[in-house]
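# Residue-level structural notes
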Amino acid sequence: MKKKMRKFKIYRYDPEKDSKPYYREYSVETHEGMTLLDAIIHISENMDPSLSVRYSCRMSVCGSCGMSVNDSLKLACKTQLETLHGDVLKIEPLPSMKVIKDLVVDMEPFLDNLKKVKPYLITHTPDPAKERLQSVYDRELIDSSVDCILCGCCTTSCPVFWTDKGYLGPAAITKAFRFLYDSRDEGYEDRLHVLGGVGGVDKCHHAYRCVEACPKNINTTYAIDMVKKLILTGKRDTE
Amino acid sequence: MLMTDIDMSPKRYSKTALKEPGMFAWVMHRITGIAILLFFGWHVIDLVRLAYQKTITIADLQPFFTGYVTMILNGIFLGVIVFHGINGFRVILHDIFPSLNKYYKQIFWIFMILAIIGIVVTLYYMILFTSVIASS
């Protein structure tokens, strides 16, 4: 197996101890197939136990390990080290969020915005005897947005969110799109005042940073524009 | 290795992000918007100033068209307006047809080429117009 020494310049900051954030460099022997998260876990377990990082599933499902790598946002568990270029890899927490410690950020503003759009199926009609059916075509309409794992890479890369934490952000709006365009959902009225109100879809100005950042390749701007269209016309564009 | 004074503000990210077409357009749209606002403010003040003059001759207006400094400023301002207008159309296009979002990079470059063509054509007529005024 091909092995190579690589340098990692990692953002370090413990608000309880450090007056300012700083970077610390680590050299790790990497091998073929190694992910960025593997390297960070190796550093944390063998070189510097004080390094904090949030992770869980290690297979790009939980969305915990979103971070900035060489100034672009990625999921550490999904990023193969071979795909990263440069002598030194600069690892930082998600931008514009409050740092709890090192690579761990406070996701509260992100999650608060998500709660606002009611990210669950809303129905007002009585439950059918068996189940709420959905055709293959109807499922395809929301196909890409279902993949969202709420890692926060899109929202924290958005320049509008950087300056206004009241903006729902691409992740919350994509989640809203996933339910608004779900043929079984009846929660349009319940979500309208949030999506069409202050900090709603109109705050998206097509910088496309969210599309570039999404580790699941979801076209979040498409979802936002579809919600804009739904609010404007009052009906789902299912063509 | 220890380093201090690290800037974690989004500003640093925006510098890197400027390499991306969408972010470049987003930043430039705001800068050109402010430039247009300032220019029109100046333009209105200038018009008011001229209105208080008893008579306005073509000689009063000639420096606005024939002076090198004003010509350069007009050229820059033309570029600012054309970029702002064309980019505005691009954003509206994405709003109306969300499915075009997957081609946003290609659409960005098409609109930028259109902007350059627009600037070149208008500059040509501006120079032509200026030379006519200068020779009259």
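These notes cover the structure that comes with them.

Reading guide: rules and limits
- Residues numbered from 1 in each chain as written.
- Chains lettered and ligands numbered in written order.
- Predicted model: local features only at pLDDT ≥ 70, side-chain atom pairs only at ≥ 80, totals over all residues.
- Heavy atoms only, no water.
- Helix = DSSP H or I, 4+ residues; strand = E, 2+ residues; numbered from the N terminus.
- Contact = heavy atoms within 4.5 Å.
- Lys, Arg positive; Asp, Glu negative; His and termini not counted.
- Charge placed at Lys NZ, Arg CZ, Asp CG, Glu CD.
- Polar contact = N/O pair within 3.5 Å; in protein donor to acceptor, adjacent residues only side chain to side chain.
- Axes fitted to C-alpha atoms, helices over the stretch in contact; angles between N-to-C directions.
- Parallel < 35°, antiparallel > 145°, perpendicular 65-115°, else oblique.
- Left-handed = near helix turned anticlockwise from the far one by under 90°.
- Nonpolar A, V, L, I, M, F, W, Y, C, P; charged D, E, K, R; others polar.
- Buried < 20%, exposed > 50% of the residue type's maximum accessible area, 1.4 Å probe, protein only.

### Digging into the overall build of chain A
Broken down by element type, chain A carries ten helices and seven strands. Expressed along its principal axes, the backbone C-alpha trace of chain A runs to roughly 60 × 40 × 30 Å. The long-range fraction of contacts in chain A, counting pairs at least 24 apart against all pairs at least 6 apart in sequence, stands at 65%. The distance from the centre of the 35 positive side-chain charges to the centre of the 34 negative ones in chain A is 3 Å.

### Observations regarding the side chain of Ser-44 of chain A
Residue and element names in this part refer to chain A. Mapped onto the elements of the fold, Ser-44 is located in helix α1 (residues 36-47). A distance of 3.5 Å separates a polar atom in the side chain of Ser-44 from the backbone oxygen of Leu-51. Excluding residues that lie within four positions of it along the chain, Ser-44 makes contacts with Pro-49 and Leu-51.

### A short note on the packing of helix α7 (residues 170-180) of chain A against helix α8 (residues 188-195) of chain A
Residue and element names in this part refer to chain A. Two numbers describe how α7 lies on α8: the axes approach to 11 Å, and their chain directions differ by 155°. Classified by the interaxial angle, the pair formed by α7 and α8 is roughly antiparallel. Every pair of crossing elements has a handedness; the one defined by α7 and α8 is left-handed. Residues Ile-173, Ala-176, Phe-179 and Leu-180 of α7 form the contact with α8, whose participating residues are Tyr-188, Arg-191 and Leu-195. The residue inventory of the contact of α7 with α8, partitioned by class, reads six nonpolar, no polar and one charged.

### A closer look at the side chain of Arg-12 of chain A
All names here are of chain A. Looking at the element boundaries, Arg-12 is found in strand β1 (residues 3-12). Judged by relative accessible area, which is 3%, Arg-12 ranks as buried. Here the side chain of Arg-12 touches Asp-48 through a polar contact of 2.7 Å, side chain to side chain. Excluding residues within four positions of it along the chain, Arg-12 makes contact with Pro-21, Tyr-22, Arg-24, Tyr-26, Asp-48, Ser-50, Leu-51, Lys-101 and Asp-102.

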